[in-house]
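Residue strings, one per chain:
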Amino acid sequence: MSIFKNIPSIQFEGKGSDNPLAFKQYDPKQVVLGKTMEEHLRFAVAYWHTFNAIGNDPFGSGTMVREWDKFSGMDRAKVQVEANFEFMEKLGIPYYCFHDVDIAPEGATLQESNKNLDVIVAMLKEQMQATGKKLLWNTSNMFSNPRFVHGAGTAVNADVYAYAGAQLKKALEVGKELGAENYVFWGGREGYETLLNTDMGFELDNLARLYHMAVAYAKEIGFDAQFLIEPKPKEPTKHQYDFDAATAISFLQKYGLKDHFKLNLEANHATLAGHTFEHEIRTAAINGMLGSLDANQGDLLLGWDTDEFPTDLYSTTLTMYEVLKAGGIGRGGVNFDAKVRRGSFEADDLFLAHIAGMDSFAWGLKAAAKLIEEGILDKVVENRYRSFKEGIGADVVAGKATLASLEQYALQNHPIVNESGRQERLRLLLSEVIFSV
Ligand code: XLS
Ligand code: CA
Ligand code: CA
């Protein structure tokens, strides 16, 4: 059964092509800095946005027109499985990601939910074997169901905490069954609204306890996925505990979890935290914690998580620059945690949006490679810190300096001469590189 009947398999046609259903930049086999684009980028489809999102908002109902609209429950879930593999196949996307509730409807009881999952997981496994498509990560949605109104791993009610543990256990089993390369923890309701009714320290201790249980269970069943925490500063809760990369790292360190986790960073979450995506990636990388990327973009005019497809070339370039500098994305990938706008409701839009994201990332990859090959920014940075290569600076780096030796130097060293950072020049240089590849 074909779901996207009118869509051909998307090919690379290169820059001159005016075919909207073709890649102009993303040539999976093109080698960039020793690896193919496909190997660098490891694209993934986000099941929830692509197959479950209906285009509703607080002011109106869904707008999306989908082949699976005529089905409901498990029948709909089964058609969506077919859709997922046809979609990945046609776009040449090797990976996908899902929450448990994205792939199979929740039942009236935990037993029923697990039974539904088993049916769909068996289908997914069969399709994965037939197509060679892989699971970048899975996760458990412990934020949508009303039972999680006050959190899951940070719930105030131990019954809810136990349910979350059970749901997590099943999700780890599903991940193992499907050979997930990573497992994501996004704390959708792990946060709080007001300290007036919240024991923050206790909630964080409990969250860490749940993560330790997950580490132990994964070990027990031989599930060797990389665990990832996905930071987000707010939404749905006012204060999310995993605010940003730095906060998540300090949490992992405090609770002895750092060796078991890395980070799944999302562009739009970085923006909400008041950071750039590249800041979050650099923070993770310098701490050895770069795991995977959720590729999307926010809207600077709007203060919420709009999850738009990434088309900002400055951002994709600087993102890929950070990834290349960090030595690659490892077993992570570039997951399009992005949804088409409510007005982009036709099935074709799903393809056009992914093509836009993939081309923008391929473009960014090429520009980033050029920045690296030509050492453009490296030279600037190296030159900027050159005073630490000799004299008093070299003493500091070697650990030989003391406050007294700094004082002795400073007393005879005047005037101090600083140099411009040349930021404006560098921004233009960046534009030149982006539009030259
Ligand atoms: C929501 C998050 C979520 C995670 C997975 O803002 O991005 O979709 O990626 O639970
Ligand atoms: Ca995400
Ligand atoms: Ca998001």
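Residues numbered from 1 in each chain as written. Chains lettered and ligands numbered in written order. Predicted model: local features only at pLDDT ≥ 70, side-chain atom pairs only at ≥ 80, totals over all residues. Heavy atoms only, no water.

Enquirer: Which residues make up the overall build of the protein, and what values do they have?
Expert: Helix and strand counts for the protein come out as 16 helices and 14 strands. Computed over C-alpha atoms, the radius of gyration of the protein comes to 24 Å, within 12% of the 22 Å expected from 2.2 N^0.38 for 437 residues, which places it in the range of a compact globule. Looking at the protein residue by residue over its 437 residues, the buried ones come to 50%. Nonlocal contacts in the protein, meaning residues at least 24 apart in sequence, comprise 76% of its contacts between residues at least 6 apart. Of the roughly 20800 Å² of accessible surface on the protein, a fraction of 54% belongs to carbon and sulfur atoms. Here the protein carries 44 positive and 59 negative side-chain charges, and the mean point of each set is 3 Å from the other. (Helix = DSSP H or I, 4+ residues; strand = E, 2+ residues; numbered from the N terminus. Rg over C-alpha atoms; globule rule 2.2 N^0.38 Å. Buried < 20%, exposed > 50% of the residue type's maximum accessible area, 1.4 Å probe, protein only. Contact = heavy atoms within 4.5 Å. Areas by Shrake-Rupley, 256 points an atom, 1.4 Å probe, with all protein chains shown as cover. Lys, Arg positive; Asp, Glu negative; His and termini not counted. Charge placed at Lys NZ, Arg CZ, Asp CG, Glu CD.)

Enquirer: Give a detailed account of the environment of F261, specifying residues and quantitative values.
Expert: Tracing the backbone through its elements, the reader meets F261 in strand 12 (residues 261-266). For F261, a relative accessible area of 1% gives the class buried. For the pair F261 and A248, spaced 13 residues apart in the sequence, the C-alpha separation amounts to 10.0 Å.

Enquirer: How would you explain unusual backbone geometry if you had to name every residue and give the values?
Expert: Note the cis peptide between E235 and P236, where omega equals 10 degrees. Structurally, the position occupied by P236 is in the loop between strand 10 (226-229) and strand 11 (239-240). Phi at L33 takes a positive value of approximately 45 degrees, unusual for a residue other than glycine. Inspection of the secondary structure assignment puts L33 in the loop between strand 3 (31-32) and strand 4 (35-36). Look at L33 and you get partly exposed, because its relative accessible area is 36%. Within the chain, R42 stands out as a residue other than glycine whose phi angle is a positive 40 degrees. For R42, the location among the structural elements is in the loop between helix 1 (37-41) and strand 5 (43-46). Residue class for R42 comes out buried when judged on its relative accessible area of 15%.

Enquirer: If you had to explain the coordination of the calcium ion (ligand 3) to someone new, which residues and values would you point to?
Expert: Around the calcium ion (ligand 3), the protein supplies E266 (OE), E266 (OE), H269 (NE2), D305 (OD), D305 (OD) and D307 (OD) as donor atoms, at distances of 2.2 to 3.1 Å. Motif for the calcium ion (ligand 3), donor spacing along one chain: E-x2-H-x35-D-x1-D. Distance-wise, the calcium ion (ligand 2) is placed 4.6 Å from the calcium ion (ligand 3), both being coordinated by E266. Owing to a relative accessible area of 10%, D305 belongs among the buried residues under this scheme. (Donors = N, O, S within 2.8 Å, 3.2 Å for Na, K, Ca; no water.)

Enquirer: So what about the sheet that holds strand 7 (residues 134-139)? Which residues, and what values?
Expert: Picture the strands of a sheet paired through backbone hydrogen bonds; they go either parallel or antiparallel. Read once around its circumference, the closed barrel built from eight strands follows the order 5-6-7-8-10-12-13-14, with strand pairing classed as parallel. Averaged over all pairs of adjacent strands, the angle between their axes in this sheet comes to 30 degrees, without regard to strand direction. Pairing of strand 5 with strand 6 (residues 95-99), which is carried by three bridges, proceeds in the parallel orientation. The residue bridging V45 from the neighbouring strand is Y96, located in strand 6. Sheet strands touched by helix 8 (residues 245-254): strand 10 and strand 12. Its angle to strand 12, the strand with the most contacts, is close to 165 degrees. (Pairing = 2+ DSSP bridges. Axes fitted to C-alpha atoms, helices over the stretch in contact; angles between N-to-C directions.)

Enquirer: Go over the coordination of the calcium ion (ligand 2), please, and point to the residues and values.
Expert: Each donor-metal-donor angle in an ideal tetrahedron of four donors is 109.5 degrees, and each such angle in an ideal octahedron of six donors is either 90 or 180 degrees. Distances from the calcium ion (ligand 2) to its protein donors, E230 (OE), E230 (OE), E266 (OE), D294 (OD) and D337 (OD), fall at 2.2 to 3.2 Å. Between consecutive donor residues of the calcium ion (ligand 2), the sequence gaps follow E-x35-E-x27-D-x42-D.

Enquirer: Requested: an account of helix 3 (residues 73-91), with residues and values cited.
Expert: The terminal C-alpha atoms of helix 3 lie 27 Å apart, and with 19 residues this matches the ideal 27 Å at 1.5 Å per residue to within 8%. Residue G92 follows helix 3 closely and has a positive phi angle near 70 degrees. (Expected span 1.5 Å × (residues − 1).)

Enquirer: Lay out the packing of aromatic side chains in plain terms, naming residues and giving numbers.
Expert: Aromatic ring pairs are defined here through the distance separating the ring centres and the angle between the ring planes. Here the structure, examined in full by the defined rule, presents 31 aromatic pairs. For the ring pair Y47 and F98, a centre distance of 6.4 Å and an interplane angle of 70 degrees mean the geometry is edge-to-face. Pair noted here: Y47 is in helix 2 (residues 47-52) and F98 is in strand 6, with a separation of 51 residues, a long-range link. On the accessibility criterion, F98 (1% relative accessible area) is buried. Judged by centre distance (5.9 Å) and plane angle (55 degrees), the ring pair of Y183 and F227 falls under tilted. (Phe/Tyr/Trp six-rings, centres within 6.5 Å; stacked < 30°, edge-to-face > 60°.)

Enquirer: Pulling in residues and values, what's your account of the site of ligand 1?
Expert: Lining the immediate surroundings of ligand 1 are W48, H99, W137, W186, E230, K232, E266, H269, D294, D305 and D337. Taking H269, its side chain carries an N or O atom lying 3.1 Å from an oxygen atom of ligand 1. Interatomic distance of 3.1 Å between a side-chain N/O atom of D294 and an oxygen atom of ligand 1. Within the complex, the protein chains bury 94% of what would otherwise be the 290 Å² of accessible surface of ligand 1. Across the shell around ligand 1, the residue classes break down as three nonpolar, two polar and six charged. (Near = heavy atom within 4 Å. Polar contact = N/O pair within 3.5 Å; in protein donor to acceptor, adjacent residues only side chain to side chain. Nonpolar A, V, L, I, M, F, W, Y, C, P; charged D, E, K, R; others polar.)

Enquirer: Can you tell me about the nonpolar core, naming the residues and giving the values?
Expert: A general tendency of soluble globular proteins is for nonpolar side chains to be buried together. Ranked by internal contacts, the top residues of the largest apolar core, which has 127 residues, are F4, Y96, L124, F251 and L263. Here this core gets twelve residues from one element, more than from any other, and that element is helix 12 (residues 347-373). Setting aside residues up to four positions removed in sequence, L263 forms contacts with L228, I229, A245, A248, I249, L252, A284, M289, L290, G291 and S292. (Core = buried A, V, L, I, M, F, W, Y, C linked by side-chain atoms within 4.5 Å.)

Enquirer: Outline the pattern of salt bridges, supporting the account with residue identities and numerical values.
Expert: By the definition in use, this model includes 15 salt bridges. Close ionic contact of R147 with E106 constitutes a salt bridge, the shortest N to O distance being 3.7 Å. Here E106 lies in the loop between helix 4 (100-103) and helix 5 (110-131) and R147 lies in the loop between strand 7 and helix 6 (158-177), a separation of 41 residues in the sequence. Of the residues examined, E106 reaches a relative accessible area of 35% and is grouped as partly exposed. Linking K170 and D118 is a salt bridge whose minimum nitrogen-to-oxygen distance equals 2.6 Å. In this pair, K170 is assigned in helix 6 and D118 in helix 5, connecting sequence segments 52 residues apart. D118 sits in the partly exposed class, given a relative accessible area of 41%. Members of the salt-bridge network, linked through shared partners, are K5, E67 and K70. (Salt bridge = Lys/Arg side-chain N within 4 Å of Asp/Glu carboxyl O.)

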